[in-house]
Structure formats: structure tokens, C-alpha cells
Amino acid sequence: MNPLTLAQEIIDGRRITREDNLSFFLTCDLDELCEGADRIRKACVGDKVDLCSIINARSGRCPEDCKYCAQSAHHHTSCEVYDFLPEEKILEACKMNEAEGVNRFAIVTAGRALTGKEFDQAIHAYETMKRECKIDLCASMGFLSAEQLHRLHEAGVTSYHHNIETSRRNFPNICTTHTYDMKIETLKKVKAEGMCACSGGIIGMGETWEDRLDMAISLAELGIDSIPLNALMPIPGTPLENLPRLSEADILRTVAFFRYINPEANIRLAAGRALLTNDGETAFKSGASATIIGNMLTTAACATIRSDRKMFADMGRDVTPEYWKEV
């Protein structure tokens, strides 16, 4: 089958399942695959680009042993270590991102789960941001209970992020301190709470192409709304520090077939944009519709946000957040 023919079938309502011949995505012409993915993106998501910024509100000392992560206590990296940030610093970052036209802002914390006093601090910070800001609020805080997710939702959080990271088969090669099924159960709780479910993973960790396809299908089966795709940028001091970086062609093929398999989700470029032409422009013409943007509280963050917004505007994409349209 021709990728463009399949793209039209998907636009017309067909959905890819595990029963389909997924190997087609690995052998078909890359240019046609990317063109088809962009057609699906335009038809199913539109020209709106969803920009998300994060603040790392608790860093380091994570007890989990994820092989890619600089913040794991099992590895020896130069990662910063600090407890939950003061609310004033979080609020300052939120307002800066809102002023720059970012769509959503997320508090992200290292560790198995945010609990106790620090979780209460996060709730208070969200309540303050909801009261003082219009930007959409997101969270990424590990394995939370249904009750905790409900508290976040009530405090103003509309989206919860929890990556599955890779395929079910490959997951034990990446992490041994928690399971793939724990990830799936957390995402089911997010969906049950009625929040937007944000989940993706990292490519370039030594997985096979079949692992990448399996991850794409698993996310489709869960009905994930936003799929962050990271290309591994190997970090010194982690077990994956010597892995080779992915080629642009491999990243584009992955982004494209994720769009075919998840036509209505936001395919969100995260780490690894530097491996792509013009900081990811090629991927935004190959099915991607969203990105992680900025760099916390730095003047460089503003410049990065503005340059990204200009790139998208030059591509004819819509980078005006809804809260600006309300004014």
C-alpha cells in the first residue's frame, strides 16, 4: 500500500490496530510517509500548535533506576538536587510562560510519587495559579492515587503526564524498580478522573523498531491525548551514556508512524529537537503538532519561546493561545 493512500483512509476514519501489517511503516518511502502524516495532522488536529512548558519543582535523589535519567540516585551525574521549590518561584515561571503565549504549564517532580507536605504545597501552588493565571495547568508527579489525581483536578490541573517510556517487552531493560503495568494503571486512573492523559516515551534507548511500533499502538489503545516523543540525548553518568544518537531520518519515520497510529493525539516533540533540521521544523512537517518549549526561569527561555513561535507562524501554524483570544 502507498503511504498517501493509507493516510487518506485514516482521514476517512480507518484506525490502525495490532492486527495490521505494521512492518509497512518500516519499509515504505520516508518522504511519502512524512507527507501522509502531515496530511493526517492537518485533517485530524489542524494547524494549532500546542506549546507546553515545564518547571522541575523537585530535582534529584529519585529512588527509581530508569537507565536514561540524570535524576536517579542509582547514577552518578551532575544533576541538581533540591526539595520542592517555593510557590513564588513556580508562580513567577507560570506567569512568564503565560506572558510569552505558551498554552500550558506543568509542575514536574522527580521521585516515585509526590506525597505528604510537598504534595500539599503543589496543590496550593496550583490553586494560586488557577486564581491568578489563565494558562492551562498540567502535572507530572509519578505514581499518584486516584484521590491525589482528583485533588489535582479540583485545584485546576487539566492534564496529567506519565510516560510509558517504551514497549512492554523492552521496559524491564530500562527500569527494574517499577513495572510497565504500574504505568498503565496510573494512566487509566487519569482517564477515569476525566483529565487529559499525556504519555509517550524515549526512542534511541537500544530498542527495536518493533518496540517503537508497539509503544505507538499501546498509546492508541489507551486513548492517550498527548504523546511526548523524546530522542535520547545520552547523559554522562547514566548506563546509556555511550549509546549513539539517532539519525534525523529515524526520528522522522518514528514521528510519522506515531501520527498514522494516533491520528487525533497531539504528537509532541520533546528532548532531541537539536538532532533535527531547524530545531524540529522537519518533524512539524511530518506529523508533529505540539512541543515542549522554554527552559524554566531564564532569559534564554523567552528567546526560545519567541523563536519557536516565529518558526510556527512562518509555517502557517496557529500559535495564539485561547486565553489571548478571550481578551
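Refer to the structure presented above.
Residues numbered from 1 in each chain as written. Predicted model: local features only at pLDDT ≥ 70, side-chain atom pairs only at ≥ 80, totals over all residues. Heavy atoms only, no water.

Visitor: Sorry if this is basic, but what is going on with the environment of Ala113 here?
Guide: Checked against the element boundaries, Ala113 lands in the loop between strand E2 (104-109) and helix H5 (116-132). C-alpha of Ala113 to C-alpha of Cys62: the two residues are 51 residues apart in sequence and 9.6 Å apart in space. The residues touching Ala113, leaving out its near neighbours within four places in the chain, are Arg58, Met141, Gly142, Phe143 and Leu144. (Helix = DSSP H or I, 4+ residues; strand = E, 2+ residues; numbered from the N terminus. Contact = heavy atoms within 4.5 Å.)

Visitor: Is there a simple way to explain the pattern of salt bridges in this structure?
Guide: Opposite charge on two side chains lets them pair, provided their charged atoms get close. What the rule picks out here adds up to 27 salt bridges. For Arg104, the salt bridge identified is with Asp136, shortest N-O distance 3.7 Å. Of the two residues, Arg104 sits in strand E2 while Asp136 sits in strand E3 (residues 136-140), which places them 32 residues apart along the sequence. Take Asp136: its relative accessible area is 34%, and that puts it in the partly exposed class. Three or more residues are tied together by salt bridges with common partners; here these are Asp38, Arg41, Lys42, Asp47 and Arg317. (Salt bridge = Lys/Arg side-chain N within 4 Å of Asp/Glu carboxyl O. Buried < 20%, exposed > 50% of the residue type's maximum accessible area, 1.4 Å probe, protein only.)

Visitor: Is there a simple way to think about helix H9 (residues 209-222) in this case?
Guide: Residue pairs spaced three or four apart in an α-helix point in one direction, given the helix's 3.6 residues per turn. Over its 14 residues, H9 runs 20 Å from end to end, which matches the ideal 20 Å to within 8%, given 1.5 Å per residue. Considered for burial, the residues of H9 that qualify are Asp211, Arg212, Leu213, Met215, Ala216, Ile217, Ser218, Leu219 and Leu222. In the stretch just after H9, Gly223 is the one whose phi turns positive, near 70°. (Expected span 1.5 Å × (residues − 1).)

Visitor: Explanation requested: the nonpolar core in the structure shown.
Guide: Proteins that are soluble and globular tend to have nonpolar side chains buried together. Grouped together as the largest cluster of nonpolar side chains are 97 residues, with contacts concentrated most on Phe25, Ile107, Tyr126, Met141 and Leu152. Apart from the residues lying within four places of it in its own chain, the contact partners of Tyr126 are Ile107, Leu137, Cys138, Ala139, Met141, Leu152, Ala155 and Val157. (Core = buried A, V, L, I, M, F, W, Y, C linked by side-chain atoms within 4.5 Å.)

Visitor: Sorry, what's going on with the side chain of His162 here?
Guide: Mapped onto the secondary structure, His162 falls in the loop between strand E4 (157-161) and helix H7 (171-174). Excluding residues within four positions of it along the chain, His162 makes contact with Gly142, Phe143, Lys183, Thr186, Leu187, Cys198 and Ser199.

Visitor: Teacher, can you tell me more about the pairing of strand E8 (residues 266-269) here?
Guide: Consecutive side chains along a regular strand alternate between the two faces of the sheet. Because side chains alternate across E8, one face comprises the buried residues Asn266 and Arg268, and the other comprises Ile267 and Leu269, equally buried. As paired elements, strand E7 (residues 226-231) and E8 share four bridges and run parallel to each other. The residue of E8 that forms the bridge with Ile227 is Ile267. Taken together, E7, helix H10 (residues 248-261) and E8 constitute a β-α-β crossover, and its handedness is right-handed. Here two bridges tie E8 to strand E9 (residues 290-292), and the two strands are oriented parallel to one another. For Arg268, the partnering residue across the bridge sits in E9 and is Ala290. (Pairing = 2+ DSSP bridges. Right-handed = clockwise from strand over helix to strand, strands pointing away.)

Visitor: Help me understand the packing of helix H6 (residues 146-155) against helix H8 (residues 180-193) in this model?
Guide: The relative placement of two packed helices is expressed as an angle between their axes plus a distance between the axes. Orientation of H6 relative to H8, taken along the N-to-C sense of each, is 45°, at an axis distance of 10 Å. Looking at the two axes, H6 sits oblique to H8. Pair H6 / H8 crosses with right-handed handedness. From H6, Ala146, Leu149, His150 and His153 reach across to H8, where they touch Thr186, Lys189, Val190 and Glu193. In terms of residue class, the contact of H6 with H8 is built from three nonpolar, three polar and two charged. (Axes fitted to C-alpha atoms, helices over the stretch in contact; angles between N-to-C directions. Parallel < 35°, antiparallel > 145°, perpendicular 65-115°, else oblique. Left-handed = near helix turned anticlockwise from the far one by under 90°. Nonpolar A, V, L, I, M, F, W, Y, C, P; charged D, E, K, R; others polar.)

Visitor: In this structure, what is going on with unusual backbone geometry? I would like to understand it.
Guide: A negative phi angle is the norm for most residues apart from glycine, just as the trans form is the norm for most peptide bonds. Phi is positive for Asn278, close to 50°, though the residue is something other than glycine. Looking at the secondary structure, you find Asn278 in the loop between E8 and helix H11 (281-284).

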